[in-house]
Amino acid sequence: MTHWSNTPPAAARGGARGAPPPRPPATKPRTSGRPPRRRGTWTPWLYLAPALVVLAALLVYPIYQLGLISFLEYTQAQVSGGEPTTFQGLGNYRALFADGQFWQVLLATLLFAAACVVSTLAVGCALAVLLTRVRALPRLALMLAALGAWATPAITGSTVWVFLFDPDYGPVNRLLGLGDFSWTYGRFSAFALVLFEVVWCSFPFVMVTVYAGIKAIPGEVLEAASLDGASQWRIWRSVTAPMLRPILVVVTIQSVIWDFKVFTQIYVMTNGGGIAGQNLVLNVYAYQKAFASSQYSLGSAIGVVMLVILLAVTLVYLRLLRRQGEEI
């Protein structure tokens with residue numbers, strides 16, 4: 001008698017003995033229509049949190065206090081507790097904008113900062129190109145000298161420059177045959193002297209940054225331009241500078257911020273702003289209003305105006321670059 005078994009044959013069970021059974025067809029997971037959540041979205045912010053806390057303590061809170069005091073009547077009487085602090089609204093700004101000296105100082109600050117920025121970028125970029133064309137030993141000597149100038153404190157460098165250009169004991173007047181010419185007596189000569197010192201302590205940042213950018217440019221690009229007969233100036237203007245534009249944006253904005261708020265060099269080298277305030281810039285002008293005249297609210301208002309100007313210049317510069325199709 002034939003016995004029928006309900007057990008399927010070996011081939012139906014997956015073939016030879018030991019072969020894995022067939023897998024069921026894969027099914028798509030159910031989706032709720034929401035985009036998948038990214039894991040670790042907050043991880044970068046957690047790493048940045050300590051630095052953000054420090055920046056908030058060092059920048060945000062002082063800026064808040066600066067803006068608050070600019071809307072108050074805050075003089076020596078309020079500091080000592082002799083009179084109550086009162087809210088002035090825009091009164092401090094109206095008094096500031098009605099002061100003719102403020103507009104003169106603002107114009108002088110803008111022109112002086114522009115001259116410092118252009119000179120610093122020109123010297124820094126020229127020396128960066130020079131570093132790519134000299135041998136290792138001169139390059140090392142130039143780098144060490146530049147970094148030494150950069151590391152010198154502003155008050156020390158300003159004092160040394162005042163001595164170098166001193167009409168009685170300075171060696172510069174003797175070398176140039178200027179006799180007892182006083183650089184700090186005239187308005188433009190004093191600004192020129194301060195400009196020399198500002199460029200001397202600022203160009204190393206531009207030089208090192210631009211030099212690093214030039215070294216990152218492929219050598220084949222510069223060699224091809226040279227073989228096509230382009231001069232060194234044409235190579236810089238048409239090849240190197242466009243490729244370095246993101247780096248030049250950084251050093252330009254940084255130079256604008258540094259040179260617009262120059263204080264130590266002007267204060268030390270012109271003895272607090274020059275004769276009758278002829279060499280005042282906004283930072284020194286704010287210091288005189290706040291601490292020499294005890295008008296802390298007016299000094300704070302000048303600080304707020306400086307902050308707004310710097311933000312406006314930076315935003316306009318970045319907007320112009322974006323219109324040109326540059327990625328920042």
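Everything below is about the structure printed above this text.
Just so it is clear, the model here is predicted, and its values are computed rather than measured.

*Asks:* Honestly, the packing of aromatic side chains in this entry has me stumped. Any pointers?
*Replies:* Two aromatic rings, taken as a pair, are described by how far apart their centres are and by the angle between their planes. Per the stated rule, a full pass over the model turns up 20 aromatic pairs. Measuring from centroid to centroid gives 6.0 Å for Trp161 and Trp200, while their planes differ by 55°, and the two rings are tilted. You can see Trp161 sitting in helix α6 (residues 154-164) and its partner Trp200 sitting in helix α8 (residues 187-216), a full 39 residues away along the chain. Here the aromatic cluster, defined as three or more aromatic residues joined through ring pairs, consists of Phe71, Phe87, Tyr93, Phe97, Phe102 and Trp103.

*Asks:* Before we go on, may I ask you to explain the nonpolar core in this structure?
*Replies:* Nonpolar side chains tend toward joint burial in soluble globular proteins. In terms of nonpolar packing, the biggest core is built from 37 residues, with Leu96, Phe112 and Leu282 touching the most fellow members. Elements with a contribution of two residues or more to this core: α3 (91-97), α4 (100-131), α8, α12 (264-269), α13 (282-292) and α14 (296-323). Excluding residues that lie within four positions of it along the chain, Leu282 makes contacts with Phe102, Val105, Leu106, Thr109, Phe260, Ile302 and Met306. Counting residues in hydrophobic clusters, the runner-up holds 20 residues, among them Val117, Cys125, Ala146 and Tyr211.

*Asks:* Looking at this structure, I do not really get the side chain of Gln78. What am I missing?
*Replies:* Note on placement: Gln78 falls in helix α2 (residues 76-80). The residues contacting Gln78, other than those within four sequence positions of it, are Glu73, Glu83, Pro84 and Thr85.

*Asks:* What is the right way to read helix α10 (residues 232-243) from this model?
*Replies:* Helical geometry: 3.6 residues make up each α-helical turn, so side chains three or four residues apart lie on a common side. Compared with an ideal rise of 1.5 Å per residue, which puts twelve residues at 16 Å, α10 spans 15 Å between its outermost C-alpha atoms and is within 8% of the ideal. Residues of α10 that are buried include every one of Ile235, Trp236, Val239, Thr240 and Ala241, and no others.

*Asks:* Would you mind showing me how to read the side chain of Ser158 here?
*Replies:* By the secondary structure assignment, Ser158 is in helix α6. By relative accessible area, which is 0% here, Ser158 ends up buried.

*Asks:* Before we go on, may I ask you to explain unusual backbone geometry in this structure?
*Replies:* Leaving glycine aside, a negative phi is the common case for residues, and trans is the common case for peptide bonds. Residues other than glycine seldom take positive phi values, yet Asn271 does so here, at roughly 60°. Locating Asn271 in the fold gives a position in the loop between α12 and α13. Phi at Ser294 takes a positive value of approximately 60°, unusual for a residue other than glycine. Along the chain, the position of Ser294 falls in the loop between α13 and α14.

Procedures and definitions
For every chain, the first residue of the written sequence is number 1, and numbering continues from 1 along that sequence. In keeping with the predicted nature of the model, local features appear solely for residues at pLDDT of at least 70, side-chain atom pairs appear and are counted solely at 80 or more, and the whole-chain, interface and lining totals rest on all residues. Only heavy atoms go into the side-chain values, all of them from the structure, while hydrogens and water stay out. Only the six-membered ring of Trp is used, alongside the rings of Phe and Tyr, when aromatic pairs are assigned; centres must lie within 6.5 Å, and planes under 30 degrees apart are stacked while those over 60 apart are edge-to-face, with the rest tilted. Secondary structure elements follow DSSP: runs of H or I of four or more residues count as helices, runs of E of two or more count as strands, with numbering from the N terminus. The term nonpolar core refers to a set of buried residues drawn from Ala, Val, Leu, Ile, Met, Phe, Trp, Tyr and Cys, joined through side-chain atoms within 4.5 Å. Only protein chains enter the area calculation, which uses a 1.4 Å probe; residues under 20% of their type maximum are buried, those over 50% are exposed, and those in between are partly exposed. A contact between two residues is defined here by any heavy atoms of the two lying within 4.5 Å. Expected helix span is given by 1.5 Å per residue-to-residue step, counting one fewer step than there are residues.

Geometric values such as these leave the question of function open.
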